[in-house]
Every structure is written in C-alpha cells, then in structure tokens.
Amino acid sequence: MAVSFTLNGKAINFDGDPETPILWVLRDHLDVTSPKYGCGAGLCGACTVHLEGAAIRSCSAPISAAGGKAVTTLEGLTAKVGKALQDAWIEFDVPQCGYCQTGQMMSAADLLAKKKQPSSDDIKNAMSGNICRCGTYSRIEKAVKRAADKLA
Amino acid sequence: MKNQSLKSNGRRQFIQQSAALGGAFVIGIHLPLTSQAAVGDAAKPVLANAWVQITPNNQITLICARSEMGQDVYTSLPALLAEELNLPLSMIQVQIAGVAPVYINAMLGGQITGGSTSVREAFDKLRTAGAATRMVLIQAAAQRWNVSAADCKAMNGKITHSSGKSATYGELAADAAKLPLPEKPALKSPANFMVIGKETMRRLDTPSKVAGKAVYGIDVKIPGMAIASLAQCPVIGGTPTSFDASAAMKVTGVIKVVQISDGVAVLAKDFYTARKGRDVLKITWNEGSNANLSNAVIRKSLEDGLSKKGAVIKTVGDSNAAVVNGKPLSAQYFLPYLAHSTMEPVNCSADVSNGKCRIIGPIQFQQGGQAVAAAAAGVKPEDVTIETTFLGGGFGRKLELDFIRQAAEISKAAGMPVKMLWTKEDDITHDFYRPMSIHKVDGILGANGQLASLKAKMVSQSVTARAFPGFVKDGFDPFMVEGSNNITYEIPNLEITNVITDTGLRVGYWRSVSNALNAFAIESFVDEAAKAAGKDPVAYRMAALSKHPRAKAVLELAVKKSGYVPGSKRFGVAQMECYDTYSACILELDSAAKETKVKKITFVSDCGITVHPDQARAQLTGGVIYGLSAALSNEITIEKGRVQQNNFNDYPSLRQNQVPVVEVHLVPSQEKPGGLGEVGVPLVAPALVNAIAAATGKRIRELPIKV
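Residues numbered from 1 in each chain as written. Chains lettered and ligands numbered in written order. Predicted model: local features only at pLDDT ≥ 70, side-chain atom pairs only at ≥ 80, totals over all residues.

Here's the deal with the overall build of chain A
Here is step 1: Scanning chain A from terminus to terminus reveals 5 helices and 5 strands.
Here is step 2: The order of helices and strands in chain A, counted from the N terminus, is β-β-α-β-β-β-α-α-α-α.
Here is step 3: For chain A, whose C-alpha radius of gyration is 15 Å, the value lies close to the compact-globule estimate of 15 Å for 152 residues.
Here is step 4: Here the C-alpha coordinates of chain A stretch approximately 45 × 30 × 25 Å along the principal axes.
Here is step 5: Put simply, chain A has 152 residues, and 57% of those count as buried.
Here is step 6: Contacts in chain A between residues far apart in sequence, at least 24 positions, make up 62% of those at least 6 positions apart. (Helix = DSSP H or I, 4+ residues; strand = E, 2+ residues; numbered from the N terminus. Rg over C-alpha atoms; globule rule 2.2 N^0.38 Å. Buried ≥ 20, exposed ≤ 12 C-beta atoms within 10 Å, placed from the backbone. Contact = placed C-beta atoms within 7 Å.)

Structure (structure tokens):
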C-alpha cells in the first residue's frame, strides 16, 4: 500500500515496501542525499531529519511512520532557520570531512526550536546523538550558539 | 585465493608502473602547456596543464590531486597556487584530479593521499606551478603590449602595466599557453605571503558541505545503476563455495544476484531492498586459513616475537654495555587492533561496459584503484577512469583497494552500473585493522637519573609487507619505525628493534600509523623513568631535548598554556616529532571527578610554515579526539576468525557531551611545512596514562584504558 507524506512541503506518494526506512526512500528513490547513512541503527545521527518538526533517525524509522505526516530535510528548513545555521556553520568553518554535518544541523534545528537560547550543557546533551569522527564538536557548539543569537 | 591474487597483481602492476616512472614526474609543471581547442567558448580553458586551468572569462581552476577527507587539501592546496598567482583564494575553483602519473605523490611513490604529506609534498610544487604560470601571463602581456615584462605586474587576476594597460589572466591565457614555462621561477619570500598563513582563510568546501550538496561516494548516481549489498564471509579472506539465491530473488525489488571472488552481491533499486535480499542469501563459505584465529592466539604469537632478534633499526652507542651506578628499568606495553570507523561506510560505484571501466568513489589511492579495477574488469588500466568524490572520513581505510575491486567485479558480473555500499557492520568487521602491537622497553638510568641507555623492541604485523611488499627489506618496514626511529631524546646508548610477526588478520595504515604505537610505548616509558629518577616529567624530558630546540619550545609553551604545575597530580605529558611536526601534549584530569575524567588537553605544535592556521588547529583538535576515543574505548577482538565488534555501540566514538576541552596552540615558525592530519593522534594516549599514573600511582600499560 502506498504511503503518502510531504517532503519539504511537497506531496509524495511512495508505493514501495512500507517498511523501507525513510532514509532510503529519500536517498535512493527521491534523490535527496543530504541525510547520510552512518550506522543504520540510530547510533550516530548522520541520517537525522525532521518528522512533524521533530528530529528523528531516518535510518531506523520506516516510511510507513511518515504516512500523512511532514518530513523535512536540511533543504526544507525555513529560510530563516536554515540560513542562520548555514551561516553559523560557515562562520566557524565547522566541517572537516563534513559527512555528519547535515545531521548535526538538523539536530541543532530541533534544539533551537525547543530552546531559543541553549546553554553549553543544553547543546552538549541535545547534540550527543550525533557522532563526528573528525571531532568538530567545539565548533559545532559555537555554531549552535551563534545560530541561536542570529535567530533571537 | 582468487581475490588476493587479483589484488596483489594490481599492487604489483602499480609498483612496476611507479618504479618505471621513477622521479621523472615529481615536478609536474614540466608538462607542456597544451592549448585546448576551445576557440569561441569563453568558459573552456585555453591554458591548461596538470595543475592550472584558465578560461578566457578568467575562471581559474586548481586541479587538486589529493583526496579531500576532511584534512583541508581542498583549500590548502589551492592556497599554494593562489599565493604565486597573486589571487585571493575566492577567485580559485577546485577540480579533483583524475588518475595520472603526473599526480604521483613524490613522498609516497603513488597517487596517494596519506602520511600527512599533502601540503608538505605540494608546497614547492604548486607554488612553482603558480609562479611559472604568473610569469608566462606577464610575458604574454609584455609581448602583446610591446613593453618590458619587468614593468608588468600580476595581481587579483589582472596583469597591469605601468602605463595603465590592463588585461585579465583569462584574456592573456591563450597567448601564455604558447610560451615555454620557466623551470625554476623565483618563489615569494614568506614575508610577502598574501594568502598562506592568513587567519582569515576560509575552507572552500564548507558552503557545499553545509548545504548538503557536497557529493560523497555514497551520493554517486550513475544513470541506470543498481544499488548492491555484498555478503562477505564472516571470516575475512573467506570465499563463497556455493549459494542459494532463491529467497533473495523473491524479495520484491531485487534485480539480480551475482557472485564475485569474495562474496555474493544482491542488486536492487534501493539499499534497503538490496540488503534485505542479501540477508536471506544462503551461502556456503570456505572460511580459509583464518577460521580459527583468536585474539589470545594472536597475542601469544606477538609475545613469542619478543624473543626473536628482529631487525635493528637504529643503534647509537652500545646499549648492552654496563652503566656505572646504573638503575635498570623495564616495561612492556600493549595496543589492540583498531578499526578506522569512518562516518561514511565503505562504498564504491563502478560501470564496466564496452571494454571500459568507470570508477567513482571515496578513494585515497587512485593508481592502485586503477590497477585493481582493470584486473577485475578485465580491461587495460588506461581504460579505467577514476573519479574521486569527497570522502566521509578516510583515516587510511580508503587507501585500501578491496572496495574498488569489488564494485568493478559486481558491475562486470551484473552487466550494469552499480553502487556498492557496505553496512556499518560490514565496515567494522571487514576493515584493515591497525596492527596489534607489543613493545618491550628496557632502560638504564644513569647516575643523574637520565636515561643512559634505551632499548625499544616493537612486535607487530607489518602493514607494508601486505600492502607494498617490495618496500619491506630484511625485516625493515619503513612505516613501523615512525615514532621510534625519530626519537628526539638524547640518549647515549640506543637500540630500536622491530620484529615483524604475521598473524593472518589483515592490517592497514590507521591515522598516524606507527607513531601512535611507538609514542605510547616510549612516552609512557620515559614517564616511568622520570618517576624512577624522582624527577618532574616535564623537567626530565627537557633535560634530554638539548638537540631539538623546536621540541623544547613546544613543550615550554604547552607548560605555559596548560597551567602545568610541577608535582601536581592532575597532569600528564607527552611529546614527539611526527611527520616533520614537533608537538607536546599536556592532559589535565578533572580532580573533582570520582572517575578518571579528562578536563582539558593542551596541544602545542610547531608545524613549520602553516598554510591554513585555522584548519591546522582543527586538524590537531580532531586528531586528539580521534586518539582519545581509541585510548578510552576502542579495541577490535577476534574469535573463531570473526571480528567481535560491529557498530558504534561496541566500537564507540566520543560524543559531544563526552569530549574535554581541547586547546591547540601553534608555535610560529619559518621551517618547511610539517604534517598535520595525523599529528594530533599519537600523544593523547600516553599523556592520559601518564596523568592517571600521576593521579593514582597506577601505571596503565595496555590500551584501551579500562578504568
């Protein structure tokens, strides 16, 4: 049975296996490659997208869970939030290899939606589900704070 | 085994090629400038050589011959060209090179990104390319205007003459391309650098990476391709003897099932389906010679290696002679197998068709890839193209060629383009692991307490013996001596020995290679010696560094910046020279915490002239965190030939809420550039165990630290 959902505001009808994780529907069927595959087990956060505005690990959630709901990737963040995050990430030249960063930014967007001015501890805890093997954590923390300031 | 012979053929082929090439292509700008037939198209280069392309509309491109895996070659290398072309970095576009002899890394003998060599190797080469190009542009302008070249200047993409005449580089490029390149153009003095070393320099790849637009191997799409999930033998090196694909073919969406030399691949439109099909394959494996391998047996074989003579790498004085009033001290250290665990799991795309093979993927060794793909596809190497994407982390894993060969084999067998993607579990269980190593260190403290004699013996597998066997002679692997051969301490009697012991498990170069192994043993031992001598560990090291003022300077700055207090129980120290960079690390424990908790790590380097200081600090910081993750929690163990770890749950990586403060300082220097990508890794483990010993009196000699 087909699953209908919206991706970044656009109506999508997926008629493949409803157990297919959201990640692979996005990447392999819809060519949206900003969410990355890192672990396939919800351990690393590289695949983070928003479902109804809240961060989820798309590698571990079947597309059936998105039925009738809104899926948002980095490209679909509101212009204001997306720009604030991208500008902050650019200002601190956060990425090294960069592979995890789209997931990091989606977790950051989720945090900033819940908490306008997060403390260092808020950031550390909220972002602890996103692994960065390059070790860009201190720059991520600075960039989240800067994005919060831009949005304030 | 078929796959291994394929691989060694590929390697041999590569080594023969590179040997035949010798050093002739070291300075690639000797290639003639070739004027490309693009008259009338202002967007196509009219000046093009191995390194630089300039279009009539003044688009200037650096061809980047190293793989961008986070270490910043995408910016640091164009900066070298921009410097001599007198261009702001923002005017330069970057194109990742294909595979060609001209792109061989002169420090490594292949088109390889590794060994923290990228900037070191390119520093003169790309500046020379820039300067030579600038000179022919100026000459072209002088000829066009019939003026003296000495009165013309190149700046910001324009050549100007004192009379006020001006033309863009692009407008002059076609003429410049007809002029011979000067062989040894004068390079700028560092005092005149306008790009190199500037704190304002920004990474050129950041905008695409934060927009989700940077293309990694996993993002590659070839029209008509399938996604392949590969079943591999649970014992590395095993091969399929038979398989039953009937259940896999019943999975809706599975396109094909094909056998390759070391596995069975299931092809589908998406990875979920391919993997679902793969997981219901019934395969009988020939597990091969490693089927009974276990960690205990491997470790025992290394311990047995301690009694072997091995290859003496370095001898100073006579470390067997008696020392008057000498105090002997011995210790043994152990490091486990480690996986690279890049964020982007191993993957590669291939299209074998019409006698050609197209490879696209996250690749650190393009020529090796070309050779193995040619062998796998059954085509000539010159009919293989290699397109290197961004790498979602490399750390040495993507120097290997297994995944390139596999993708080519799958595409050939399936008769269609494929993207092969491993699961994270495949990646952890089928890595080329950092070798397990055992180190026996024997010292004698002289009357003044300083080391009068030191013997260090390392027993491990040799990565080079597997990957580049031609480079291992008489038990000497040039990459096993990193971190020992270059010991900075002045010790009158010294003997460094390596014993190569093969265990059967495949091993690979892992970020900082043997530096991390040897530094753990030597810097732990020096700390033990300081304690035995009743000396402060910083003062003890300083006293033995008289021949290395740069080593003393970084240690002095680390003391100052860390707030190190002699006699305090919170601090651990370590220092070394690594890839031409001198570094010191002082680690401070959180004394208030009940458990061993790292509060702050101060890392100071003298890496010579620093092309991109902000990213130099980023690399060192990241290296420290990579090393700390390993020291605290990472080990790969083997039972019944099978790797016991699978994913981030049992092979963890430090997270945002687990990392200490890492403070990096660079000592200003005009020495030639040193490496940076791996330099942060090795010192953190010894600094940590040294801090724990200071705090608790407990000496940890095995990693990972289990506290």
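There is more to say after this.
Some thoughts on the overall build of chain B
Here is step 1: From N to C terminus, chain B includes 17 helices and 27 strands.
Here is step 2: Relative to the compact-globule value of 27 Å for 707 residues, chain B shows a C-alpha radius of gyration of 27 Å, a close match.
Here is step 3: On the principal axes, the C-alpha backbone points of chain B span a range of 80 × 75 × 50 Å.
Here is step 4: Out of the 707 residues in chain B, the part that is buried amounts to 59%.
Here is step 5: Partitioning the intrachain contacts of chain B with sequence separation of at least 6 by distance along the chain shows that 77% fall at a separation of at least 24.

Let's talk about the pairing of strand 10 (residues 254-260) of chain B
All names here are of chain B.
Here is step 1: Among the 7 residues in strand 10, 5 count as buried, and that is most of the element.
Here is step 2: Pairing of strand 10 with strand 11 (residues 263-268) involves 6 bridges; the strand directions are antiparallel. Residue Gln 259 lies in a different strand from strand 11, and its bridge partner there is Val 264.
Here is step 3: Where strand 10 hands over to strand 11, the hairpin turn is made up of 2 residues, counted between the paired strands. (Pairing = 2+ DSSP bridges.)

A word on the domain arrangement of chain B
Residue and element names in this part refer to chain B.
Here is step 1: Split into domains, chain B comes out as domain 1 (6-210), domain 2 (217-288 + 346-421) and domain 3 (295-338 + 432-696).
Here is step 2: With 20 residues of domain 1 at the interface, the matching set in domain 2 holds 24 residues.
Here is step 3: Sorting elements by how many residues they give to the side of domain 1 that touches domain 2 places helix 1 (residues 2-21) first, with 8 residues.
Here is step 4: Taken together, the residues of the side of domain 1 that touches domain 2 sort by class into 6 nonpolar, 11 polar and 3 charged. (Domains from an automatic or database assignment. Nonpolar A, V, L, I, M, F, W, Y, C, P; charged D, E, K, R; others polar.)

Side note on helix 13 (residues 513-533) of chain B
All names here are of chain B.
Here is step 1: Here helix 13 is 21 residues long and its end C-alpha atoms lie 31 Å apart, about the 30 Å a rise of 1.5 Å per residue gives.
Here is step 2: Ala 519 marks the point of greatest bend in helix 13, at about 30°.
Here is step 3: Most of helix 13 sits out of view: 18 of its 21 residues are buried.
Here is step 4: Following helix 13 by one or two positions, Gly 534 adopts a phi angle in the positive range, close to 70°. (Expected span 1.5 Å × (residues − 1). Bend = angle between axes of the 7 residues up to and from the residue.)

Description of the interface of chain A and chain B
Accessible area lost upon the coming together of the parts serves often as the stated size of an interface.
Here is step 1: Contacts between the two partners involve 47 residues from chain A and, on the opposite side, 50 residues from chain B.
Here is step 2: Of the residues that constitute the side of chain A that touches chain B, the class distribution is 21 nonpolar, 18 polar and 8 charged.

Regarding unusual backbone geometry
Here is step 1: Geometrically, the link from Leu703(B) to Pro704(B) is a cis peptide bond, its omega value of -5° lying close to zero.
Here is step 2: Structurally, Pro704(B) can be placed in the segment after helix 17 (684-696).
Here is step 3: We note that Glu52(A) has phi near 55°; this positive angle belongs to a residue other than glycine.
Here is step 4: Mapped onto the secondary structure, Glu52(A) falls in the loop between strand 3 (48-51) and strand 4 (54-57).
Here is step 5: A positive phi angle is found at Tyr579(B), which is not glycine, with a value near 55°.
Here is step 6: Along the chain, the position of Tyr579(B) falls in the loop between strand 22 (571-578) and strand 23 (581-589).

Quick notes on the confidence of the model for chain B
Residues and elements named next belong to chain B.
Here is step 1: Overall, the prediction assigns chain B a mean pLDDT of 93, with 94% of residues at 70 or greater.
Here is step 2: Segment residues 1-39: pLDDT under 50, and 74 contacts once partners within four positions in sequence are set aside and those in other chains are kept.
Here is step 3: The complex prediction reports pTM at 0.95, with the ipTM value standing at 0.99. (pLDDT = per-residue confidence, 0-100.)

As for the nonpolar core
All names here are of chain B.
Here is step 1: Of all hydrophobic cores here, the largest spans 230 residues; its most connected members are Ala 228, Ile 359, Ala 373, Ile 410, Val 418, Cys 585 and Val 684.
Here is step 2: No other element matches the 11 residues that helix 13 contributes to this core.
Here is step 3: Ignoring any residue separated from it by four or fewer positions in sequence, one finds Val 418 in contact with Met 225, Ala 226, Ala 228, Leu 267, Ser 349, Ala 350, Ala 407, Ile 410 and Ser 411.
Here is step 4: Among the nonpolar cores identified, the runner-up in size contains 54 residues, and Val 73, Tyr 74, Ile 196 and Leu 204 belong to it. (Core = buried A, V, L, I, M, F, W, Y, C linked by C-beta atoms within 7 Å.)

Section: the sheet that holds strand 3 (residues 60-64) of chain B
Hydrogen bonds between backbone groups are what pair the strands of a sheet, and the pairing can be parallel or antiparallel.
Residue and element names in this part refer to chain B.
Here is step 1: If you walk across this open sheet you meet the 4 strands as 1-2-3-4, and the pairing is mixed. Of all the strands in the sheet, the pair left with one neighbour each is strand 1 (47-48) and strand 4 (92-96).
Here is step 2: Of the pairings in the sheet, the one linking strand 1 to strand 2 (residues 52-54) comprises 2 bridges and is antiparallel in character. Counterpart to Ala 48 in the pairing with strand 2 is Gln 53.
Here is step 3: With respect to the sheet, helix 2 (residues 73-85) is in contact with strand 2, strand 3 and strand 4, its orientation differing from that of strand 3 by roughly 130°. (Axes fitted to C-alpha atoms, helices over the stretch in contact; angles between N-to-C directions.)

Observations concerning the environment of Pro234(B)
Here is step 1: Among the secondary structure elements, Pro234(B) is positioned in the loop between strand 8 (226-232) and strand 9 (239-244).
Here is step 2: Looking at Pro234(B), the number of C-beta atoms within 10 Å reads 15, which means it is partly exposed.

Comments concerning helix 4 (residues 169-176) of chain B
All names here are of chain B.
Here is step 1: Among the 8 residues in helix 4, 6 count as buried, and that is most of the element.
Here is step 2: Buried within helix 4 we find Tyr 169, Gly 170, Glu 171, Leu 172, Ala 173 and Ala 176.
Here is step 3: Those residues of helix 4 that are buried lie in contact with strand 1, strand 2, strand 3, helix 3 (118-145), strand 6 (158-161) and strand 7 (166-168).

A word on the sheet that holds strand 2 (residues 10-14) of chain A
All names here are of chain A.
Here is step 1: The strand order across the open sheet formed by 5 strands is 2-1-5-3-4, and the pairing between neighbours is mixed. At either end of the open sheet lies a strand with only one pairing partner, and these are strand 2 and strand 4. Averaged over all pairs of adjacent strands, the angle between their axes in this sheet comes to 40°, without regard to strand direction.
Here is step 2: Across the face of the sheet, helix 3 (residues 101-114) comes into contact with strand 3 and strand 4 while running at roughly 35° to strand 3.

Details of the packing of helix 3 of chain B against helix 4 of chain B
All names here are of chain B.
Here is step 1: Axis separation between helix 3 and helix 4 bottoms out at 8 Å; the angle between their running directions is 90°. Classified by the angle their axes make, helix 3 and helix 4 are roughly perpendicular. Counted together, Val 136, Leu 137, Ala 140, Ala 141 and Arg 144 of helix 3 and Tyr 169, Leu 172, Asp 175 and Ala 176 of helix 4 form the full contact between these two elements.
Here is step 2: Of the residues in the contact of helix 3 with helix 4, the class split is 7 nonpolar, no polar and 2 charged. (Parallel < 35°, antiparallel > 145°, perpendicular 65-115°, else oblique.)

A few points about the packing of helix 9 (residues 366-377) of chain B against helix 10 (residues 402-414) of chain B
Residue and element names in this part refer to chain B.
Here is step 1: Packing of helix 9 against helix 10 leaves a shortest axis separation of 8 Å and a crossing angle of 25°. As summarised for this structure, helix 9 and helix 10 are arranged roughly parallel, according to the angle between their axes. For the pair helix 9 and helix 10, the crossing hand works out as right-handed. On the side of helix 9, the interface is formed by Gly 369, Val 372, Ala 373, Ala 376 and Ala 377, while helix 10 contributes Ile 404, Arg 405, Ala 408, Glu 409 and Lys 412.
Here is step 2: A per-class count over the contact of helix 9 with helix 10 returns 6 nonpolar, 1 polar and 3 charged. (Left-handed = near helix turned anticlockwise from the far one by under 90°.)

Comments concerning the environment of His50(A)
Residue and element names in this part refer to chain A.
Here is step 1: Turning to its location among the elements, His 50 is positioned in strand 3.
Here is step 2: Taking the C-beta count within 10 Å as the criterion, His 50 has 22 such neighbours and is therefore assigned buried.
Here is step 3: Ignoring anything within four residues of it in the chain, the contact list for His 50 reads Ala 55, Thr 72, Met 106 and Asp 110.

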